[in-house]
Structure formats: C-alpha cells, structure tokens
Amino acid sequence: MSRIIPAIDIINGKCVRLEEGNYARKKEYAANPLDMAKSYEDHGIQYLHLVDLDGAKAGQIINIQTIEEICSQTNLIVDVGGGIKSDEDLKIAFESGAKQVNIGSLAVKDPELFTRWIEMFGGEKILLSADTRDGWVAINGWQKITDIRLADFIDQYLKKGIQTIVCTDIAKDGMMQGPSSDLYADLMKQFPKARFVASGGVSSMEDVKSLIQMQVDGIIIGKAIYEGVILLTDLQNLITESHAN
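The structure contained in this document is the topic of the report that follows. Keep in mind that this is a model prediction, so the values were computed, not measured.

Moving on, we get to the overall build of the protein chain. Scanning the protein chain from terminus to terminus reveals 11 helices and 12 strands. Computed over C-alpha atoms, the radius of gyration of the protein chain comes to 16 Å, within 12% of the 18 Å expected from 2.2 N^0.38 for 245 residues, which places it in the range of a compact globule. The dimensions of the protein chain, computed from C-alpha atoms along their principal axes, are 45 × 40 × 35 Å. Burial statistics for the protein chain: of 245 residues in total, 55% are counted as buried. Put simply, of all contacts in the protein chain between residues at least 6 apart along the chain, 66% involve residues at least 24 apart. Accessible surface, the protein chain: about 10,900 Å² in total, of which carbon and sulfur atoms supply 44%. Placing the 25 positive and 35 negative side-chain charges of the protein chain at their respective mean positions leaves the two points 3 Å apart.

Here it is as structure tokens:
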C-alpha cells in the first residue's frame, strides 16, 4: 500500500498551512508540532513530511529545535525540507534526526552540489522535491516559477540516481479540491521505475483510496487532517486493514 505521510509545515515553531504556497494566505493551527507528530504516531502512522517554511524563505534551516524534538521524541520516519542549501544545512538536518531530506530549489540552482549529495548519500536519503505549476518547476518556497519543464527536471535527476520524487501541484496545495491525479498518472507512465509521492489537494478518504489504487509510493496529507475532513482514526483503520491483508 502507498505510504501515508502527514505533513507538518512550520512557521515560528507553529503548525501552519498556506494556500497555493502563499505566505500571505497562512492559517495557524493551535496544535504544537510535537504533539501533532505524536498524535500521528499514536494512530499507527510511520512517516512524516516536515517542512521548515521559515527555512524555505530564509534559504537556511531555521526550525532546528522543532525538527530535533519530533525526531528524538517519536519513532516516525521523518523527511525534512525547506532551506537546505549547503553542506552545513544538510548536516544539521541529518544530525537533527531526519531520515531523508527533500530538496527542490537547490536542485535547480546548484545541480552540481545536489548531484554530489545524491552520490554521497544515495537515492534513499535524498528526495527530489518537484513542485510544479502548469507543468513548470517552481522554487523558493513556490515564490518563483522557472522555465524548466517538470518532466525534464525529473528525468535529469533519475539519471543521477534519484529514486523518489515528491511532486506537489501548487495550484492544488491547501485548496482542498482534490489531488492532481492526472499529473501523477502521466508521470508514472512516463517514468515507470520512479517512486512518486503525491502532494497537494488531498481532501477526502476517497482521494486517499484513489491514489492508493494508482499505486503512488506515498500520499502527503496536510490541511485535510487539521481541518478534520480526514480523520486520523480513518487513516489508522486503512493502515490496519492493509497490514491485515
């Protein structure tokens, strides 16, 4: 079964969600990130997508303490993204307990460094974050749309050893209007050996089940959990059923 991967996006040490990556359209949630992470773990979830939005904006990891707390006080397999731009940032992420790092902007801006990281750490630890709008790659916390085609971007790094691509359709993210299933179907057809993690727009258990049927590698769920339209108990039941089969 596809991996269920809740998302925690952090600004100033707090759980937030943005709409379409827009920092001006931010909603803050009362939950402490660590409490939220523990709640996921209590419901049988094994994975967590942790995004340092302050870091994404600043160009370096900011919320180190929160990352450390979640990684040290839960057994979740955490992937961290946002602001990892240097060897030092990468070192901080792994030393803070991240099992994987999610790299997007740097893969565009400094392909040489990113390729070196893939060679050093392998495709299990380095994930390609391919954020897109209308088929073009977006960077800098989605604040800039590049002239790089999504398919070319993915192909470039699959050839370098990347195995897993976290693909977010920005137009869907935080909008609660369903995922870009057609986009993932096309990518999986084009790159059958790659693992794709669907991100953005997942807003019902039907969306989750539909993506599982498509056999995506993972499904990132953010706002829908905070807003209570996807219940952790329902996700827990789904995971339990899959293990029973």
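Our focus in this paragraph is the pairing of strand β8 (residues 136–139). Pairing between strand β7 (residues 126–133) and β8: 2 bridges, direction antiparallel. Counted as the bridge partner of Thr-132 is Val-137 from β8. In this structure, the hairpin formed by β7 and β8 is closed by a connection of 2 residues, where Asp-134 is found at a positive phi of approximately 55 degrees. Of the strand pairs in this sheet, β8 and strand β9 (residues 144–149) are connected by 3 bridges, and their pairing is antiparallel.

Okay, empty space enclosed by the protein next. A full pass over the atoms with the stated rule returns 2 cavities of 30 Å³ or more. Lining the second largest cavity, in full, are Arg-3, Ile-5, Asp-79, Leu-127, Thr-164, Val-166, Val-197 and Ile-220. For the lining of the second largest cavity, the secondary structure elements donating two or more residues are β1 (3–11) and β10 (164–169).

This brings us to the packing of aromatic side chains. For any pair of aromatic rings, geometry is given as the distance between the ring centres together with the angle between the planes. The full count for this structure, using the stated rule, is 4 aromatic pairs. Relative to Tyr-226, the ring of Tyr-29 lies with its centre 4.5 Å away and its plane at 15 degrees, an arrangement referred to as stacked. Separated by 197 residues along the polypeptide, Tyr-29 in the loop between β3 (22–28) and α1 (33–42) and Tyr-226 in helix α10 (residues 223–226) bring together distant segments of the chain. The same class applies to Tyr-29 as to Tyr-226, namely buried. Here Phe-94 and Phe-121 contribute two aromatic rings whose centre-to-centre distance is 5.1 Å and whose plane-to-plane angle is 40 degrees, an arrangement assigned as tilted. Of this pair, Phe-94 sits in helix α4 (residues 87–95) while Phe-121 sits in helix α6 (residues 111–121); the two residues are 27 residues apart in sequence, bridging distant segments of the chain.

Turning our attention to unusual backbone geometry. Not every positive phi belongs to a glycine, and Asn-12 is a case in point at roughly 55 degrees. With respect to the helices and strands, the residue Asn-12 is situated in the loop between β1 and β2 (14–19). We note that Asp-134 has phi near 55 degrees; this positive angle belongs to a residue other than glycine. Mapped onto the elements of the fold, Asp-134 is located in the loop between β7 and β8.

In the structure shown here, the tally under the stated rule is 7 salt bridges. Across the pair Asp-9 and Arg-17 runs a salt bridge, and its minimum N-O distance is 2.6 Å. Like Asp-9, the residue Arg-17 is buried in the burial classification. The partner of Lys-159 in a salt bridge is Asp-155, with the nearest N and O atoms 3.0 Å apart. Classification of Asp-155 by relative accessible area gives partly exposed; the value is 28%.

Quick look at the environment of Ala-151 now. With respect to the helices and strands, the residue Ala-151 is situated in helix α7 (residues 150–158). Sequence separation between Ala-151 and Ile-77 is 74 residues; the distance between their C-alpha atoms is 28 Å. With residues up to four places along the chain from it excluded, the contact list for Ala-151 reads Gln-190 and Phe-191.

Procedures and definitions
- Residues numbered from 1 in each chain as written.
- Predicted model: local features only at pLDDT ≥ 70, side-chain atom pairs only at ≥ 80, totals over all residues.
- Heavy atoms only, no water.
- Helix = DSSP H or I, 4+ residues; strand = E, 2+ residues; numbered from the N terminus.
- Rg over C-alpha atoms; globule rule 2.2 N^0.38 Å.
- Buried < 20%, exposed > 50% of the residue type's maximum accessible area, 1.4 Å probe, protein only.
- Contact = heavy atoms within 4.5 Å.
- Areas by Shrake-Rupley, 256 points an atom, 1.4 Å probe, with all protein chains shown as cover.
- Lys, Arg positive; Asp, Glu negative; His and termini not counted.
- Charge placed at Lys NZ, Arg CZ, Asp CG, Glu CD.
- Pairing = 2+ DSSP bridges.
- 1 Å grid on protein atoms, 1.4 Å probe; cavity = no way out; pocket = protein on both sides within 12 Å on 5 of 7 lines; lining within 4 Å.
- Points joined across faces, edges and corners; volume = space filled by probe spheres on them.
- Phe/Tyr/Trp six-rings, centres within 6.5 Å; stacked < 30°, edge-to-face > 60°.
- Salt bridge = Lys/Arg side-chain N within 4 Å of Asp/Glu carboxyl O.

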